Amino acid sequence: MIVSSLLLSTLTRAQKIEELKEFFTFYPNQKAVEKDSTIYLQKFIAAPVVSYSPETNFAFGTGAKYLFKFNGSGEETRTSNMPITLQYTLNSQFFLFSGFEVFTNQEKWVIEGNLLFQNYPRLYYGMGNDTPDSAEEQYDYYQFLFEPIFLKRMFHKYLFIGGGVRYNHIYKTEIEEDGLIAQNRPDGFDGSTSVGAEVAVLYDSRSNILNAQDGWYLEFTHGKYGKVLGGTNSFNLTRFDLRHYFDVSEENDDILAFQFAGRFTRQDIPFSEFAFFGSSEIMRGYQEGRFVDRDMLATQIEYRKNFKDSRLGAVAFVGTGDVYRNVSEFQFGNLKPNYGAGVRYKLDKEENLNIRLDWGFGNGTNSFYLGIAEAF
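Residues numbered from 1 in each chain as written. Predicted model: local features only at pLDDT ≥ 70, side-chain atom pairs only at ≥ 80, totals over all residues. Heavy atoms only, no water.

### Here's the deal with the overall build of the protein chain
When its secondary structure is counted, the protein chain shows three helices and 19 strands. For a compact globule of 376 residues, the expected C-alpha radius of gyration is about 21 Å, and the protein chain comes in at 22 Å, within 12% of that figure. With respect to the principal axes defined by its C-alpha atoms, the protein chain has extents near 75 × 50 × 40 Å. Residue burial in the protein chain is summarised as follows: out of 376 residues, 50% are buried. Within the protein chain, contacts between residues separated by at least 24 positions form 56% of all contacts whose residues are at least 6 apart in sequence. Element-wise, carbon and sulfur atoms account for 60% of the exposed surface of the protein chain, whose accessible area totals about 18800 Å². In the protein chain, which carries 37 positive and 48 negative side-chain charges, the distance between the mean positions of the two groups comes to 4 Å. (Helix = DSSP H or I, 4+ residues; strand = E, 2+ residues; numbered from the N terminus. Rg over C-alpha atoms; globule rule 2.2 N^0.38 Å. Buried < 20%, exposed > 50% of the residue type's maximum accessible area, 1.4 Å probe, protein only. Contact = heavy atoms within 4.5 Å. Areas by Shrake-Rupley, 256 points an atom, 1.4 Å probe, with all protein chains shown as cover. Lys, Arg positive; Asp, Glu negative; His and termini not counted. Charge placed at Lys NZ, Arg CZ, Asp CG, Glu CD.)

Right, dumping it as structure tokens:
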């Protein structure tokens, strides 16, 4: 009798969870799938997000993932991912972002990139990797960033080569009258426009791009920016992102994930194009922009624990990195550590899509992160 009651209670809770998940899931092409079962059932999965920080006050919004395949794509084509994050704060600030990765039929092409529109505050502590907390000041700005990259599969099943453009416009800046920015007046502090062409190489053998279980990921981009198309500065920007995923437990599909990333700028660089240390994706625990300079290197390792027959999971991560005037100044003794842990709830079992809550720590600092899909 007790066993039956427990089983009934568990099934009831599972049913309620499924009902809640379905409440936040929309199927744009459901009618078409009912007529043709070979068409992939597109999903738009959303979740409400509430956050707080001193510079923004309370922020409300939504995090969402649009998952789809073009008609004619089968199992050989991975699911395309178009995330959307929208937040609005009680201080009348907003944030809209999408970092998309789209596979065409049979993965002949990959279209990826970023779209960002925001009016959001940033805390600034000065330039360099040893700035004090006491130097904190706030500056506000509007930003519109658009970066589409088109890559064609060439030479290998998982190798894509191509290029794109990147447009980054900073305007309506507001700074503290007697702060560091007002005193030093770095190039672009009062606004800038970066317009450039990029070459890109992508190697992506992950079986699932939302929560990789295996495979390699390497993205390399090099962009040259000038004034020909309306830019305010001439400079070069080089970025790379290397990741690898190991399945370390066949029973529970536990994953060990590794990432190594870098960003390097040269020549006449506007303030907005410097490397900003810390984010919700790498160096969790440090507020974005806690340290600023021309170059950045960072790495992290994350263990992802999956509990058998459960939607719940847990992660533990550790990493390190730093910013530099020149990467030749790299010293192991100056690396800044970060570490933390988090919990996961599997929102969509078929797509292996999680809601994540992480708590990251750095040197004398910590931050919470809530979002959909893994950090990397």
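Now that the structure is up, let's keep going.
### Section: a negative patch on the surface
A contiguous patch of negative charge on the surface is contributed by Glu 136, Glu 176, Glu 177 and Asp 178. Residue position: Glu 176 is located in the loop between strand E8 (159–174) and helix H3 (180–184). Residue classification places Glu 176 among the partly exposed positions, given a relative accessible area of 37%. (Patch = residues over 30% accessible without salt bridge, like charges linked within 9 Å, V, L, I, M, F, W, Y side chains within 5 Å. Salt bridge = Lys/Arg side-chain N within 4 Å of Asp/Glu carboxyl O.)

### Quick notes on the nonpolar core
Ranked by internal contacts, the top residues of the largest apolar core, which has 18 residues, are Leu 67, Val 110, Leu 151, Leu 202 and Leu 353. Of all elements in the fold, only strand E2 (43–53), strand E7 (137–153) and strand E9 (192–204) reach the threshold of two or more residues within this core. Of all hydrophobic cores here, the second largest spans 14 residues; its members include Tyr 225, Phe 235, Phe 271 and Phe 274. (Core = buried A, V, L, I, M, F, W, Y, C linked by side-chain atoms within 4.5 Å.)

### Regarding unusual backbone geometry
A positive phi angle, near 55°, is found at Glu 107, a position not held by glycine. On the secondary structure map, Glu 107 appears in the loop between strand E5 (94–103) and strand E6 (109–124). Phi at Met 283 is positive, roughly 60°, even though this residue is not glycine. Checked against the element boundaries, Met 283 lands in the loop between strand E13 (275–276) and strand E14 (292–293). The buried category is assigned to Met 283, whose relative accessible area is 1%.

### Points about the layout of surface pockets
Empty space within the second largest pocket amounts to approximately 420 Å³. If you trace the second largest pocket, you find 21 residues lining it, with Tyr 40, Lys 69, Glu 75, Thr 77 and Thr 79 closest to the centre. Among the residues making up the lining of the second largest pocket, the classes are represented as six nonpolar, eight polar and seven charged. (1 Å grid on protein atoms, 1.4 Å probe; cavity = no way out; pocket = protein on both sides within 12 Å on 5 of 7 lines; lining within 4 Å. Points joined across faces, edges and corners; volume = space filled by probe spheres on them. Nonpolar A, V, L, I, M, F, W, Y, C, P; charged D, E, K, R; others polar.)

### As for the pairing of strand E15 (residues 295–306)
Sheet topology places strand E12 (residues 254–267) next to E15; 10 bridges connect them, and they run antiparallel. Directly across from Phe 258, in E15, lies its bridge partner Ile 301. In this structure, E15 lies alongside strand E16 (residues 312–324), joined through 12 bridges in antiparallel fashion. Following the sheet pairing, Asn 306 is matched in E16 by Gly 313. The antiparallel hairpin formed by E15 and E16 contains five residues in its connecting segment, where Asp 309 sits at a positive phi of about 60°. (Pairing = 2+ DSSP bridges.)

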